[in-house]
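Inside the fold
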Amino acid sequence: MDQEERIAMFLDYENLAIGARDHLGGMTFDLRPVTDALAERGRVVVRRAYADWSFFDEDRRMLTRSHVELIEIPQRMGASRKNAADIKMVVDALELAFERAYISTFVLCTGDSDFTPLVHKLRELNKRVIGVGVERTTSAMLPPACDEFLFYDRLEGVEIPPARPSRSRPAPAKTVERPEPAPVPEAVVDTPARDPDSLATLVAQTVSGLQHSASGTVTASVLKRTLLRKDPTFSEADYGFRAFGELLRHLAGRNVIELSDGQAKGDPEITLPEHGDREAAFALLRTVVAEAGPVALSGLKNRVRKVAPDFSEKKLGYRSFLQFAKAAATAGAIDLAWSPDTDDYLLTKPR
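A brief look at the structure comes next. (Residues numbered from 1 in each chain as written. Predicted model: local features only at pLDDT ≥ 70, side-chain atom pairs only at ≥ 80, totals over all residues. Heavy atoms only, no water.)

A few words now on the sheet that holds strand β9 (residues 295–296). Here we have 3 strands laid out as an open sheet, ordered β9-β11-β10, and antiparallel in their pairing. Edge strands, defined here as strands with exactly one partner in the open sheet, are β9 and β10 (335–339). Of the strand pairs in this sheet, β9 and strand β11 (residues 344–348) are connected by 2 bridges, and their pairing is antiparallel. Each residue of the ladder has a partner; that of V295, found in β11, is L347. (Pairing = 2+ DSSP bridges. Helix = DSSP H or I, 4+ residues; strand = E, 2+ residues; numbered from the N terminus.)

Rendered as structure tokens:
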């Protein structure tokens, strides 16, 4: 139990509830998918939600059943209601960070960029920060600041109702009119391409970088943490995999990586293949260079792609075409030398 992450969860409830209602087909925000996702990451010991609960009567009952402490922020006429809730949430989070050293992870359920300074401060205090927000109302500034960011729309268990016709607006749930939401940026989060080639490139590059910079072996857990540092919104589910291990086995089957037993059960070691695709790529480069005669490095990649349109040195773990060419020269596939006359590298057949 001492190895478990202790999690404190803070909900900017108006941001989430109105974001779900306005951008997810009028659905009511449900906390269960969030708590289920957090249960996989550690033990939630603090649950607090901030709002004027007179506007969220039904939601209040749902949160109470989920053992969430409701922090009341009255919204008087003419008062800055949103800022009051935000400031109270920031103060409580920082107070908890200083007073409860055993809390290792803070979950901020909001898409508001105003909380970015809080994220930075919590990370300065050596706390892990996870963000949760509705994708279309999440500021582009917030996800990169977090250690991990979960889009509510993509969580398992979130069922988005079909879009209603634009002319028919849903009737209000009750007679009390809800306050107008504070202005939020429109869909500002860019969704990366979720295709197998981009996944293979991302993983190969990351493993290659870890092999050059990290001490010791590269394990699945280290790779997953590094991928999340590169892109806090990364999730294997976006590529159609149920678990990270399933993703790794798929890439191993495509010869993008190699897996071997690690020191801990269920945490395999990961390396890049030393043969197979890499040797085939070296042979391809040797063939192109032999046909072209002495050829400059600039423009050579285009020649290679004319022969093999799907060629990418990044899939093999190289950060640049020059790095790939140097590796081919080391393997004896080609000769590589700097030419002062052309101010470029020249590649020739090996002597």
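Moving on from the coordinates now.
Relative to the elements of secondary structure, R48 occurs in strand β2 (residues 43–51). With a relative accessible area of 16%, R48 lands in the buried category. Within polar-contact distance, the side chain of R48 engages the side chain of E69 at 3.3 Å. Residues in contact with R48, not counting those within four places in the same chain, are M9, F10, L11, V68, E69, I71, D92 and L96. (Buried < 20%, exposed > 50% of the residue type's maximum accessible area, 1.4 Å probe, protein only. Polar contact = N/O pair within 3.5 Å; in protein donor to acceptor, adjacent residues only side chain to side chain. Contact = heavy atoms within 4.5 Å.)

Of the pairings in the sheet, the one linking β10 to β11 comprises 5 bridges and is antiparallel in character. Looking at β11, one finds that S339 is bridged to D344.

Applying the stated criterion to the full structure yields 14 aromatic pairs. An angle of 10° between the planes, with centres 6.2 Å apart, marks the rings of F10 and F106 as stacked. Taken together, the residues F10 in strand β1 (residues 6–12) and F106 in strand β4 (residues 105–109) connect sequence positions 96 residues apart. Each member of the pair, F10 as well as F106, is classed as buried. (Phe/Tyr/Trp six-rings, centres within 6.5 Å; stacked < 30°, edge-to-face > 60°.)

A separate point is the nonpolar core. A general feature of soluble globular proteins is that nonpolar side chains tend to end up buried together. Within the largest apolar cluster, 31 residues are counted, with the highest numbers of intra-cluster contacts made by L11, Y13, F29, L31, V34 and Y152. Mapped onto this core, the elements with two or more residues apiece are β1, α1 (13–23), α2 (32–39), β2, α3 (57–65), β4 and β5 (128–133). The leading source of residues in this core is α1, at 4 residues. Apart from residues no more than four positions distant in its own chain, Y13 is found in contact with F29, Y50, A51, W53, F56, D59, M62 and L63. In terms of nonpolar packing, the next biggest core, distinct from the first, is built from 24 residues, A8, M89, A97 and L108 among them. (Core = buried A, V, L, I, M, F, W, Y, C linked by side-chain atoms within 4.5 Å.)

Here we take up the sheet that holds β4. What links the strands of a sheet is backbone hydrogen bonding, and the strands pair in either a parallel or an antiparallel sense. The strand order β3-β2-β1-β4-β5-β6 describes an open sheet built from 6 strands, whose pairing is parallel. A strand with exactly one partner marks an edge of an open sheet, and here the two such strands are β3 (69–72) and β6 (148–151). Adjacent strand axes in the sheet meet at a mean angle of 20°, parallel and antiparallel pairs treated alike. As judged from the 5 bridges shared by β1 and β4, these two strands associate in the parallel manner. The partner of A8 across the bridge, within β4, is F106. Against the sheet, α1 makes contact with β1, β2, β4 and β5, and its axis sits at roughly 65° relative to β1, the strand it touches most. (Axes fitted to C-alpha atoms, helices over the stretch in contact; angles between N-to-C directions.)

To continue, consider the pattern of salt bridges. Going through the model one piece at a time under the given rule, you end up with 17 salt bridges. Residue E124 pairs with K121 through a salt bridge whose shortest N-O separation is 3.0 Å. Taken as a pair, E124 and K121 lie in helix α5 (residues 116–124) at a separation of 3 residues, close to a single helical turn. Classification of E124 as exposed rests on a relative accessible area of 60%. Residue classification places K121 among the partly exposed positions, given a relative accessible area of 36%. Of the charged contacts in the structure, one is a salt bridge between D147 and R123, with a shortest N-O distance of 3.0 Å. You can see D147 sitting in the loop between α6 (142–145) and β6 and its partner R123 sitting in helix α5, a full 24 residues away along the chain. For R123, a relative accessible area of 36% puts it in the partly exposed group. Salt bridges here are not isolated pairs; linked through shared partners, they connect R48, E69, K88 and D92. (Salt bridge = Lys/Arg side-chain N within 4 Å of Asp/Glu carboxyl O.)

It is worth spelling out the packing of helix α10 (residues 277–292) against helix α12 (residues 321–330) at this point. The contact between α10 and α12 brings their axes to 10 Å, and the two run at 90°. Comparing their axes, α12 and α10 come out roughly perpendicular. Two secondary-structure elements touch here, α10 through A281, F282 and L285 and α12 through F321, F324, A325, A327 and A328. Looking at the contact of α10 with α12 residue by residue, the class counts come to 8 nonpolar, no polar and no charged. (Parallel < 35°, antiparallel > 145°, perpendicular 65-115°, else oblique. Nonpolar A, V, L, I, M, F, W, Y, C, P; charged D, E, K, R; others polar.)

On to the side chain of D92, then. The topology assignment puts D92 in helix α4 (residues 81–99). In this structure D92 comes out as buried when scored by relative accessible area, which is 5%.

Looking at α3, one finds that the buried residues are D59, M62 and L63. Buried positions in α3, seen along its axis, are confined to an arc of 95° and lie on one side of it. Seen from the open side of α3, the exposed residues pointing more than 90 degrees away from its buried face are E58 and R65. Two residues or fewer after α3 comes H67, characterised by a positive phi angle close to 65°. (Arc of directions from axis to C-beta.)

Distances and angles like these do not, on their own, reveal function.
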